[in-house]
Amino acid sequence: MTSSTDILPANISLANISQANIPQAKALLYRWLQQQIPAERLAWLDNRLKQLAEKGAADRLLFTTFSSVPRYTTKADLSLTDADLREADSIRAGWLPNGWSLDQAGRTLLLLSLPDKAAESYQASIEKLFSAADVSEQIALYQSLPLLPHPHLFVARAAEGLRTSMTAVFNAIALNNPFPGDHFEQLAWNQMVLKAVFVESPLHLIQQLDRRANPELARMLSDYAHERWAAKREVTPELWRLIGPFLNDQFISDIERALNLPSKEQQLAAAIACAQSSLPAAQKLLSQHPAAKAEIADRQLDWDKFSQQYLAA
Amino acid sequence: MTQTNDVSAMTFIDPHIHMTARTTYDYMVLREYGVVAIIEPSFWMGQPRTSAGSFKDYFSSLVGWERFRAAQFGIRHYCTISLNPKEANNPEIADEVMDLLPMFACKEGVVAIGEIGYDEMTPAEDKYFGLQLELAKEVDKPVLVHTPHRNKKEGTSRSMDVCTEYGVDPAKVIIDHANEETAKEVLDRGFWAAFSIYPKTKMGNQRMVELVRQYGCDRIIVDSAADWGLSDPLAVPKTAQLMAEMGIPAEHIRKVCYENALSAYGQSGEMKETDWTNPPAVDQRQLYDGNSVLRGQQPVTDSKELASLLIE
Ligand SMILES: [Zn+2]
């Protein structure tokens, strides 16, 4: 089994990239809330957070406060500037709150305000919230994971969360969230990507998608494509992004098939996949599509541009 | 509002339906027939639970998976939380379940404490009925009272007595599974009277039409109480249709099949019409896959999609 540390450059320690600066994260969340909700409603949250920060606060206070947040913040979207987003990313690499609502920001602030010196009792409090969470609470909890202290204690919880049948909850973990890329073992990572394909979530919103690509995942996705094709169903062109770096004699026939499909997205994605490979057969296939080859060579076409142009929601 | 015999453009609320026991196909059909919101009361599951953990998972699924599942079909799902009267008789777990209730009573979309009340009118039922009325007052929620199948008349009167004794405002109490024998007293005492259109054992459609003719539409609520038994999830739209055909004015139909449920349970602060006509953007993204729920008055599914679900 490969752990994520094995594939990181030796001079970057995992702790630096996968741990939020919590006081700064709290200050930023608080500032955003302050900009959008009236002072008297924020005062309710202030007061509750103060009580919860004390050691030995009652579970009932924790539950009712966590549940009541939307009543005070509303569920309106957070309105963030580019500067806000840059600041978020500097506090926690990959933290991307641009799809968050006010209640989610408020709930995250609550999670970061609980006493956290004793790792195990902190974990126990968070797990209690998970164990009785409604849909919105589950989403808020899972998308907060990259900011929480003691992140290693929540890796199993994140993997468990991916077993949900609620796509919105799955997406809160899998998409726009640095936690899986930073913390998952390869098995959990591969299951997450495979499930994202099954539930039709856009793969390009998975952080560290290319860094965590691996031959085993490529094989699983190729098998999946064969199953779909046998049932006369289509596959997402994003598959080729994860198969391209590992092209071999077996996968090349999948790429060839995609290149010959009528869909332009399939053809372009398969062409980019060929360009990712040094396999002579891949280069030969790419030569048969000179227009795409030229675009790739001119840097007019790569996975980011492909996602923006053809997969943007 | 103009009078019309056509209810096909109407939207409905079914304020008592146990969707946990129903299939996804039912959700599609409900939406097809104009049901935009439903309330799923906590009740028993057809056989007794043997640990409080089963209750916790049940409550979690009501505020979690079931809410999400409903939204996939453009239906807004609400629920009520309680230790039901039948299982109040199980001393092994009743107190533990009581400890769970405050954890769930304040969740989003929890519109009442219920179903509570009587099954056999035992001392244990008395005890937990009272404790849950106290909880309802504490968290300021309406109360949904289940009235017993057997000894209904006495059970209904006594339920209302107990509510009054505990100082719960009748305007915040829905007395469910009412019938011709209990309707008058419920309405006279200022409670909401809900009628479950449930074949064979509870109310029938045509009897319901006569009740609305007799009592009008104030504080009267129609529901299906559909569950795992031989029940009809379309009871509310079907009853509306029958009322229209039998000459009940459209505004009365709208009241008993939509508005009154919204007024009664809306007192919780957890149920607003805009939840389905104009939900917050975050709900649209996460619950409804980016689709606006109501799309005017058009049902989300059309008959073609329905047919394709059946085949594949
Ligand atoms: Zn019921």
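Quantities reported herein were computed from a predicted structural model and do not represent experimental measurements.

The rules behind these values
- Residues numbered from 1 in each chain as written.
- Chains lettered and ligands numbered in written order.
- Predicted model: local features only at pLDDT ≥ 70, side-chain atom pairs only at ≥ 80, totals over all residues.
- Heavy atoms only, no water.
- Helix = DSSP H or I, 4+ residues; strand = E, 2+ residues; numbered from the N terminus.
- Buried < 20%, exposed > 50% of the residue type's maximum accessible area, 1.4 Å probe, protein only.
- Areas by Shrake-Rupley, 256 points an atom, 1.4 Å probe, with all protein chains shown as cover.
- Lys, Arg positive; Asp, Glu negative; His and termini not counted.
- Charge placed at Lys NZ, Arg CZ, Asp CG, Glu CD.
- Donors = N, O, S within 2.8 Å, 3.2 Å for Na, K, Ca; no water.
- Contact = heavy atoms within 4.5 Å.
- Buried area = accessible area lost by both parts, 1.4 Å probe.
- Salt bridge = Lys/Arg side-chain N within 4 Å of Asp/Glu carboxyl O.
- Polar contact = N/O pair within 3.5 Å; in protein donor to acceptor, adjacent residues only side chain to side chain.
- Nonpolar A, V, L, I, M, F, W, Y, C, P; charged D, E, K, R; others polar.
- Pairing = 2+ DSSP bridges.
- Right-handed = clockwise from strand over helix to strand, strands pointing away.
- Core = buried A, V, L, I, M, F, W, Y, C linked by side-chain atoms within 4.5 Å.
- Domains from an automatic or database assignment.
- Axes fitted to C-alpha atoms, helices over the stretch in contact; angles between N-to-C directions.
- Parallel < 35°, antiparallel > 145°, perpendicular 65-115°, else oblique.
- Left-handed = near helix turned anticlockwise from the far one by under 90°.
- Phe/Tyr/Trp six-rings, centres within 6.5 Å; stacked < 30°, edge-to-face > 60°.
- Disulfide = S-S within 2.5 Å.

Asks: A description of the overall build of chain A should follow, citing residues and the corresponding values.
Replies: The number of helices and strands found in chain A is 19 helices and zero strands. Along the three orthogonal principal directions, the C-alpha set of chain A runs to about 65 × 45 × 40 Å. The 313 residues of chain A split such that 50% are buried. Total accessible area computed for chain A in this model is approximately 14,100 Å², and 51% of it derives from carbon and sulfur atoms. Treating the 30 positive side-chain charges of chain A as one cloud and the 34 negative ones as another, the clouds have centres 3 Å apart.

Asks: Got a sec to walk through the coordination of the zinc ion? Specific residues and values, please.
Replies: Residues and elements named next belong to chain B. Around the zinc ion, the donor atoms from the protein are H16 (NE2), H18 (NE2) and E115 (OE), and they sit 2.1 to 2.2 Å away. Taken in chain order, the donor set of the zinc ion reads H-x1-H-x96-E. Of the two residues, H16 and H18, both sit in the buried class.

Asks: I'd love a proper account of the interface of chain A and chain B, names of residues and values included.
Replies: At the interface, 22 residues of chain A touch 23 residues of chain B. Buried surface at the junction of chain A and chain B, summed over both partners, amounts to about 2,100 Å²; 52% is from carbon and sulfur atoms. Put simply, chain A and chain B have seven salt bridges between them. Here E270 of chain B makes a salt bridge to R71 of chain A, at a shortest N to O gap of 2.8 Å. For the pair chain A and chain B, the interface holds 15 residue pairs in polar contact (both at pLDDT 80 or more). For the side of chain A that touches chain B, the secondary structure elements donating two or more residues are α4 (59-73), α8 (135-144) and α10 (167-174) of chain A. The dominant element in the side of chain A that touches chain B, judged by the number of residues it contributes, is α4 of chain A, at five residues. Partitioning the side of chain A that touches chain B into residue classes produces seven nonpolar, nine polar and six charged.

Asks: Describe the environment of P279 of chain B, with residues and values.
Replies: All names here are of chain B. On the secondary structure map, P279 appears in the loop between α11 (274-277) and α12 (281-286). Among the residues examined, P279 registers a relative accessible area of 4% and is labelled buried. Sequence spacing of P279 and R76 is 203 residues, and the spatial spacing of their C-alpha atoms is 9.9 Å.

Asks: Before we move on, can you summarise the pairing of strand β6 (residues 173-176) of chain B with the specific residues and values?
Replies: Residue and element names in this part refer to chain B. On β6, burial covers both faces: V173 and I175 on one face and I174 and D176 on the other are all buried. In the sheet, strand β5 (residues 143-146) pairs with β6 via four bridges, with the strands oriented parallel. Residue pairing in the sheet places H146 in a bridge with D176 of β6. Taking the sense of rotation as the criterion, the β-α-β connection linking β5, helix α6 (residues 152-165) and β6 turns out right-handed.

Asks: Please set out the nonpolar core residue by residue, giving values where relevant.
Replies: If you look at the biggest cluster of nonpolar residues, it comprises 186 residues, and the most contacted ones within it are W240 of chain A together with M208 of chain B. In terms of residue count, helix α4 (residues 94-105) of chain B provides more of this core than any other element does, eight residues in total. Counting residues domain by domain, this core receives three or more from each of domain 1 (4-188) and domain 2 (215-311) of chain A. Setting aside chain neighbours within four positions, we find W240 of chain A in contact with A225, W229, V235, D254, I255, A258, Q266, A269, A270, A273, Q276 and W303 of chain A. If you look at the next biggest cluster of nonpolar residues, it comprises 19 residues, including I13, V111, I221 and L262 of chain B.

Asks: Explain the environment of G204 of chain B to me, and be specific about the residues and the numbers.
Replies: Along the chain, the position of G204 of chain B falls in the loop between β7 (192-196) and α8 (205-215). Residue G204 of chain B is classed as partly exposed on the basis of its relative accessible area of 24%.

Asks: Lay out the packing of helix α6 (residues 102-113) of chain A against α8 of chain A with the relevant residues and their values.
Replies: All names here are of chain A. Where α6 meets α8, the closest approach of the two axes is 9 Å, and the angle between their N-to-C directions is 60°. One way to sum up the angle between α6 and α8 is to call them oblique. Considering how the two elements wind past one another, α6 and α8 form a crossing that is right-handed. Mapping the contact onto sequence places Q104, R107, T108 and L111 in α6 and S136, E137, I139, A140, L141, Q143 and S144 in α8. Grouping the constituent residues of the contact of α6 with α8 by class yields four nonpolar, five polar and two charged.

Asks: Which residues make up the pairing of strand β8 (residues 220-223) of chain B, and what values do they have?
Replies: Residue and element names in this part refer to chain B. Residues of β8 alternate between two faces, with I220 and V222 on one and I221 and D223 on the opposite face, all of them buried. In the sheet, β7 pairs with β8 via four bridges, with the strands oriented parallel. Looking at β8, one finds that A193 is bridged to I220. Between the parallel elements β7 and β8, the chain passes through α8 in a crossover that is right-handed.

Asks: Go over the domain arrangement of chain A with me, naming the residues and quoting the values.
Replies: As far as domains go, chain A holds domain 1 (4-188) and domain 2 (215-311). Computed over C-alpha atoms, the centres of domain 1 of chain A and domain 2 of chain A are 36 Å apart.

Asks: Lay out the sheet that holds strand β1 (residues 12-14) of chain B in plain terms, naming residues and giving numbers.
Replies: Consider a sheet: its strands pair through backbone hydrogen bonds, and that pairing is either parallel or antiparallel. Residue and element names in this part refer to chain B. Taken in spatial order, the eight strands make up an open sheet running β1-β2-β3-β4-β5-β6-β7-β8, and their pairing is parallel. The open sheet terminates on both sides in strands that have one partner only, identified here as β1 and β8. Recorded for the sheet is a direction-independent mean angle of 25° between the axes of neighbouring strands. As defined by bridge partners, strand β4 (residues 110-117) adjoins β5 across four bridges and the pair is classed as parallel. Within β5, the residue paired with I116 across the bridge is V145.

Asks: Residues and numbers for the packing of aromatic side chains, please.
Replies: Residue and element names in this part refer to chain B. One pass over the structure, following the stated rule, counts 18 aromatic pairs over all chains. Note on Y58 and F59: the rings are 5.9 Å apart at their centroids and 45° apart in plane angle, and the pair reads as tilted. The same class applies to Y58 and to F59, which are both buried. For the pair Y78 and W276, a centre-to-centre distance of 6.4 Å together with 75° between the ring planes defines the contact as edge-to-face. On the criterion of sequence distance, the pair formed by Y78 in strand β3 (residues 76-81) and W276 in helix α11 is long-range, its members being 198 residues apart. The pair Y78 / W276 is uniform in exposure class, with both members buried.

Asks: An account of the state of the cysteines is requested, with residue identities and associated values reported.
Replies: Here the structure, examined in full by the defined rule, presents zero disulfides over all chains. Residue C163 of chain B stays outside any disulfide, its sulfur separated by 20 Å from that of C106 of chain B, the closest cysteine.

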